[in-house]
Amino acid sequence: MALSGIEIYKKLPKKNCGECKVPTCLAFAMSLAAGKAELSACPYVSEEVKTELASASAPPICTVIIGTGDSAFKTGGETVLFRHEKTFVNPPALTLLIKDTENNEVIEKKLASVNKFQYDRVGLLLKADLIAVKEESGNAEKFTALAKKVKEKTKAGLVLMSNNPKALEAALAVCKEDKPLIYSANKENWEILTFLAKENSCSLAVFGKTLDEVIDLTTRIQEKGVKDLVLDSGARTLSRMLQDQVIIRRAALLKKFRPLGFPTIVFPCQMTTDPMEEAVIASVAIAKYAGIIVLSEIKGETLFPLLLEKMNIYTDPQRPMAVKEGIYEINKPDENSPILVTTNFALTYFMVSGEVETSRIPAWVMVQDAEGLSVLTAWAADKFVAQTIAPFIKKSGIMDKAKHKRIIIPGYVSQILGELEEELPGWDVIVGPRESVHIPAFLKMWKP
Ligand code: SF4
């Protein structure tokens, strides 16, 4: 049973040293009890106490990793019910379903879609994360061959889906190093699948027709030593999916109910045959707690909005998205190319760089660290003013790249022109457009 903050506090070293990044042991104990800190953050806890507190300090929702290396996908590990309380940490995997009964042409097309529909957005690569390979043929060899093909043709992590333990065993023989998720243990096969998951050090999905059935299975499977579980509550309608996802999340976080303290898998692909409706169901699953979302196909018009929704919901609301301070080269600039300066708010940078790119005019875009704030906000907070821009320009090394001394500032901070010229003797400060959309026309007037 979960311990209270005070009970945990009694077992802590009480040095109040703050090394755990929390000022006092009591505050740390409270964070531990709320699942918002990890016991390993305190270097002074004895091994004996670590064992005692292991279950009390374990995250309320277990983190499960599927795949290895660059394709490793992490799900679970959430500590809050609502994003604004802190942040959601591990975005769900949009997962493509491929069945071994589909013809070769369809399979090839689906595999190509995973590689094709990938998007670079504010410095992040947005894409489908997993491929669920489903055995429907009753033929273990066919299933294994498909798993092998998927593994060879994409970098996505794998979910192996079959009701037949022998087919799963055969597929695991060729891809166990890739640490796929095994789907799924049910009340008939859970013992053999638990054995398979343990033998191959893989995570295991647990299917129950009801939440009670899921609870019973996760309790038994954990007793057998498999802890990396993913829950399928059997919901195959939107309303029940939403209800189950909320119940699971609330039970895990608010009641610390360990049998439901795992990430979940949902199947919009089995809830409708209409692709648009499937995307709508997936969008609900992204907002309400799913860890893995299985889709029947990948198409740009449905995948892209889902990826954006996922990115937005899983962005830390307390930290603006930012790019690294530095000089960015766009369209292969040379020593005569214009120099633009802006802030490191990711959206600002990508809008400015996107417009410069569209203009096809080579330019240097200088990005000053303004703690991820946009131009006007940073100026108002004294983080993008003459006294911050001038030192940045001087130490940036731009003079090794350009032989002129003319710098373009955003139109929104035209008021700093005089001050910036004083801080940067010998430089011409030019006021650029207010809106990035006008940058191409502005740059066309640039004379080296
Ligand atoms: Fe207390 Fe340990 Fe945190 Fe120090 S590091 S304040 S001893 S919990």
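Basis of the calculations
Residues numbered from 1 in each chain as written. Predicted model: local features only at pLDDT ≥ 70, side-chain atom pairs only at ≥ 80, totals over all residues. Heavy atoms only, no water. Helix = DSSP H or I, 4+ residues; strand = E, 2+ residues; numbered from the N terminus. Buried < 20%, exposed > 50% of the residue type's maximum accessible area, 1.4 Å probe, protein only. Contact = heavy atoms within 4.5 Å. Areas by Shrake-Rupley, 256 points an atom, 1.4 Å probe, with all protein chains shown as cover. Lys, Arg positive; Asp, Glu negative; His and termini not counted. Charge placed at Lys NZ, Arg CZ, Asp CG, Glu CD. Salt bridge = Lys/Arg side-chain N within 4 Å of Asp/Glu carboxyl O. Pairing = 2+ DSSP bridges. Right-handed = clockwise from strand over helix to strand, strands pointing away. Near = heavy atom within 4 Å. Nonpolar A, V, L, I, M, F, W, Y, C, P; charged D, E, K, R; others polar. Axes fitted to C-alpha atoms, helices over the stretch in contact; angles between N-to-C directions. Parallel < 35°, antiparallel > 145°, perpendicular 65-115°, else oblique. Left-handed = near helix turned anticlockwise from the far one by under 90°. Patch = residues over 30% accessible without salt bridge, like charges linked within 9 Å, V, L, I, M, F, W, Y side chains within 5 Å. Expected span 1.5 Å × (residues − 1). Polar contact = N/O pair within 3.5 Å; in protein donor to acceptor, adjacent residues only side chain to side chain.

Student: Go over the overall build of the protein chain, please, and point to the residues and values.
Tutor: Counting its regular elements, the protein chain contains 16 helices and 17 strands. For the protein chain, the C-alpha atoms occupy an extent of roughly 80 × 65 × 35 Å along the three principal directions. Within the protein chain, buried positions represent 50% of all 448 residues. For the protein chain, long-range pairs separated by at least 24 residues make up 66% of all intrachain contacts whose partners lie at least 6 apart in sequence. When the accessible surface of the protein chain is split by element, carbon and sulfur atoms take 53% of a total near 21400 Å². In the protein chain, which carries 56 positive and 55 negative side-chain charges, the distance between the mean positions of the two groups comes to 2 Å.

Student: Please provide a residue-by-residue account of the pattern of salt bridges, values included.
Tutor: The final tally for this structure, using the stated rule, is 15 salt bridges. K149 is the partner of E108 in a salt bridge, and the nearest nitrogen-oxygen pair spans 2.9 Å. In this pair, E108 is assigned in helix α4 (residues 104-116) and K149 in helix α5 (residues 140-153), connecting sequence segments 41 residues apart. Where K151 meets D178, a salt bridge forms, and the shortest distance between an N and an O atom there is 2.9 Å.

Student: Account for the pairing of strand β6 (residues 130-134), naming residues and giving values.
Tutor: Along β6, five of the five residues are buried, which leaves the element largely enclosed by surrounding structure. Summarising the sheet, strand β3 (residues 93-99) and β6 pair through five bridges and their orientation is parallel. Within β6, the residue paired with T95 across the bridge is L130. Relative to strand β7 (residues 157-161), β6 runs parallel, the two sharing five bridges. In the strand pairing of β7, I131 is matched with L158. Handedness of the crossover joining β6 and β7 through α5 is recorded here as right-handed.

Student: Please give an account of the site of the ligand that cites residues and values.
Tutor: Neighbouring the ligand are P13, K15, N16, C17, G18, E19, C20, C25, F28, C42 and P43. Per-class residue counts for the shell around the ligand are seven nonpolar, two polar and two charged.

Student: Quick one: what's the story with the packing of α4 against α5, residue by residue and with numbers?
Tutor: Between α4 and α5, whose axes approach to 10 Å, the crossing angle comes to 30 degrees. Comparing their axes, α5 and α4 come out roughly parallel. The handedness of the crossing between α4 and α5 comes out as right-handed. Mapping the contact onto sequence places N104, I107, E108, L111 and N115 in α4 and L146, K149, V150 and K153 in α5. Per-class residue counts for the contact of α4 with α5 are four nonpolar, two polar and three charged.

Student: Could you give an account of the packing of helix α9 (residues 238-254) against helix α10 (residues 275-287), with specific residues and numbers?
Tutor: At a minimum axis separation of 10 Å, α9 and α10 run at an interaxial angle of 10 degrees. Put simply, α9 runs roughly parallel to α10. On α10, the residues that touch L238, M241 and L242 of α9 are I281, V284 and A285. Taken together, the residues of the contact of α9 with α10 break down into six nonpolar, no polar and no charged.

Student: Can you lay out a nonpolar patch on the surface for me, pointing to particular residues and giving the numbers?
Tutor: The grouping of I6, L26 and M30 at the surface amounts to a nonpolar patch, some 240 Å² of accessible area in total. Among the structural elements, M30 can be located in helix α2 (residues 25-33).

Student: Give me the lowdown on the sheet that holds strand β11 (residues 265-266), citing residues and values where you can.
Tutor: Across the sheet, eight strands lie side by side as β10-β9-β8-β7-β6-β3-β12-β11; this open sheet has parallel pairing. A single partner strand is all that each edge strand has here, and the edge strands are β10 (229-232) and β11. In the packing of α10 onto the sheet, contacts are made with β3, β11 and β12 (292-295), and the angle to β12 comes to roughly 175 degrees.

Student: Quick rundown of the side chain of E309? Include the residues and the values.
Tutor: Along the chain, E309 turns up in helix α11 (residues 300-313). For the buried residue E309, which engages in no salt bridge, the nearest side chain bearing the opposite charge is K288, 10 Å off.

Student: I'd like to hear about α9, residue by residue, with values.
Tutor: In a regular helix each residue adds 1.5 Å, so 17 residues correspond to 24 Å; α9 covers 24 Å between its end C-alpha atoms and thus fits that length. For α9, the full list of buried residues reads M241, D244, Q245, I248, R249, A251, A252 and L253. On the buried face of α9, the contacting elements are α8 (211-223), β10, β11 and α10. Of the residues flanking the end of α9, it is K256, one or two places downstream, whose phi is positive at about 55 degrees.

Student: So what's going on with the pairing of strand β9 (residues 203-207)? Residues and values would help.
Tutor: With four of five residues buried, β9 is to be regarded as a mostly interior element. Relative to β9, strand β8 (residues 181-185) runs parallel, the two being bridged by three bridges. Its bridge partner being in β9, A185 is matched across the sheet by V206. The parallel pair β8 and β9, bridged by helix α7 (residues 190-200), forms a crossover whose chirality is right-handed. Summarising the sheet, β9 and β10 pair through four bridges and their orientation is parallel. For F207, the partnering residue across the bridge sits in β10 and is D232. Once the chain exits β9 it traverses α8 before rejoining the sheet at β10, and the crossover so formed is right-handed.

Student: How would you sum up the side chain of R249? Please name residues and give values.
Tutor: Tracing the chain through its elements places R249 in helix α9. Although buried, R249 forms no salt bridge, and the nearest oppositely charged side chain, E78, lies 5.0 Å from it. Within the structure, the side chain of R249 is placed 3.5 Å from the backbone oxygen of V80, a separation counted as a polar contact. Filtering out sequence-adjacent residues up to four positions away, R249 remains in contact with I61, E78, V80, L81, F88, L254 and Y289.

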